[in-house]
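Take a look at the letters that make up each chain.
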Amino acid sequence: QVRLVESGGGLVQPGGSLRLSCAASGTILSTDAMGWHRQAPGKPRELVATIISGGNTNYADSVKGRFTISRDSAKNTVWLQMNSLKPEDTAVYYCKARIATFQTLKPADYWGQGTQVTVSS
C-alpha cells in the first residue's frame, strides 16, 4: 500500500557532500513525521534527523550543523543534505515515514530499503 524509495547514497571522500532523497508512494491519506535513521556495521540503528508536517526538525547531536533535513509534503518527499561528511558517517541510511492510508486511516511507520553511504579516502 505504501512504498518508500531512497536514492542518493554512494562513496564520498571525507569533507564531501551527498544528498539523499526519499519518496513515498501509494494510497496515502496523510503523512506526519518523516526522517532518516542509519545503521553502521555492528551498531544499532540510530536516529539521524526528523521533520514533522509543521516543519519542525530534530537532529542527532553528531550531525547538527552538518546535515539538513527538508521535505515537500505535497510530494511526500524528504531529503537529507549531508555536508562535511566524516568516516564515522558511514552507514546504511534508512528513510522512515509515519503515514495513514485510505485503507487503514490510522498512521503507521513505514521504512525504506536503505541506501549505503560510505565516507572514505
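Above this text sits the structure in question.
The present account deals with the structure reproduced in this document.

**A look at the pairing of strand β11 (residues 115–119)**
Turning to step 1, where the next piece is worked out: With burial as the criterion, only one face of β11 is covered, namely that bearing T115, V117 and V119; the residues Q116 and T118 on the opposite face remain uncovered.
Turning to step 2, where the next piece is worked out: Two strands pair when backbone bridges link them, and strand β2 (residues 10–12) and β11 are joined in this way by three bridges, in the parallel orientation. Residue pairing for β11: G10 is matched across the bridge by V117.
Turning to step 3, where the next piece is worked out: By the bridge criterion, three bridges tie strand β9 (residues 91–101) to β11 in an arrangement that is antiparallel. Across the sheet, Y93 pairs through a bridge with T115, a residue of β11.

**Details of the state of the cysteines**
Turning to step 1, where the next piece is worked out: Evaluation of the coordinates by the stated rule reveals one disulfide.
Turning to step 2, where the next piece is worked out: Between C22 and C95 runs a disulfide, and the two sulfur atoms are separated by 2.1 Å. With the S-S bond torsion at -80 degrees, the cross-link from C22 to C95 turns out left-handed. Of this pair, C22 sits in strand β3 (residues 18–26) while C95 sits in strand β9, placing them 73 residues apart in sequence.

**Side note on a nonpolar patch on the surface**
Turning to step 1, where the next piece is worked out: Together, L29, F102 and L105 make up an exposed nonpolar region whose accessible area comes to about 320 Å².
Turning to step 2, where the next piece is worked out: Here L105 is to be found in the loop between β9 and β10 (107–111).

**Focus on the sheet that holds strand β1 (residues 2–7)**
Turning to step 1, where the next piece is worked out: If you trace the four strands from one edge of the open sheet to the other, you get β1-β3-β8-β7, paired in antiparallel fashion. The two strands at the open ends of the sheet, each matched to only one other strand, are β1 and β7 (67–72). Here the strands of the sheet are splayed against their neighbours by 15 degrees on average, with no regard to which way each runs.
Turning to step 2, where the next piece is worked out: Relative to β3, β1 is paired through six bridges, and the arrangement is antiparallel. Of the residues in β3, the one forming a bridge with R3 is S25.

**Digging into the nonpolar core**
Turning to step 1, where the next piece is worked out: Grouped together as the largest cluster of nonpolar side chains are 31 residues, with contacts concentrated most on L4, W36, L80, M82 and Y93.
Turning to step 2, where the next piece is worked out: Elements with a contribution of two residues or more to this core: β1, β3, β4 (28–39), β5 (46–51), β7, β8 (77–82), β9 and β11.
Turning to step 3, where the next piece is worked out: Looking at which element gives the most residues to this core, the answer is β9, with five residues.
Turning to step 4, where the next piece is worked out: Not counting residues up to four positions away in its chain, the partners in contact with L80 are L18, R19, L20, W36, V48, A49, F67, T68, I69 and Y93.

**Quick look at unusual backbone geometry**
Turning to step 1, where the next piece is worked out: Even without glycine at this site, N76 takes up a positive phi of about 50 degrees.
Turning to step 2, where the next piece is worked out: The residue N76 is located in the loop between β7 and β8 in this model.

**Re the environment of V78**
Turning to step 1, where the next piece is worked out: Tracing the chain through its elements places V78 in strand β8.
Turning to step 2, where the next piece is worked out: Residue class for V78 comes out buried when judged on its relative accessible area of 0%.
Turning to step 3, where the next piece is worked out: Sequence separation of V78 and C95 is 17 residues, and the distance between their C-alpha atoms is 8.3 Å.
Turning to step 4, where the next piece is worked out: Every residue in contact with V78, bar those within four places of it in the chain, is listed here: L20, S21, C22, M34, W36, I51, I69, S70, R71 and C95.

Cut-offs and rules
- Residues numbered from 1 in each chain as written.
- Predicted model: local features only at pLDDT ≥ 70, side-chain atom pairs only at ≥ 80, totals over all residues.
- Heavy atoms only, no water.
- Buried < 20%, exposed > 50% of the residue type's maximum accessible area, 1.4 Å probe, protein only.
- Helix = DSSP H or I, 4+ residues; strand = E, 2+ residues; numbered from the N terminus.
- Pairing = 2+ DSSP bridges.
- Disulfide = S-S within 2.5 Å.
- Patch = residues over 30% accessible without salt bridge, like charges linked within 9 Å, V, L, I, M, F, W, Y side chains within 5 Å.
- Areas by Shrake-Rupley, 256 points an atom, 1.4 Å probe, with all protein chains shown as cover.
- Salt bridge = Lys/Arg side-chain N within 4 Å of Asp/Glu carboxyl O.
- Axes fitted to C-alpha atoms, helices over the stretch in contact; angles between N-to-C directions.
- Core = buried A, V, L, I, M, F, W, Y, C linked by side-chain atoms within 4.5 Å.
- Contact = heavy atoms within 4.5 Å.

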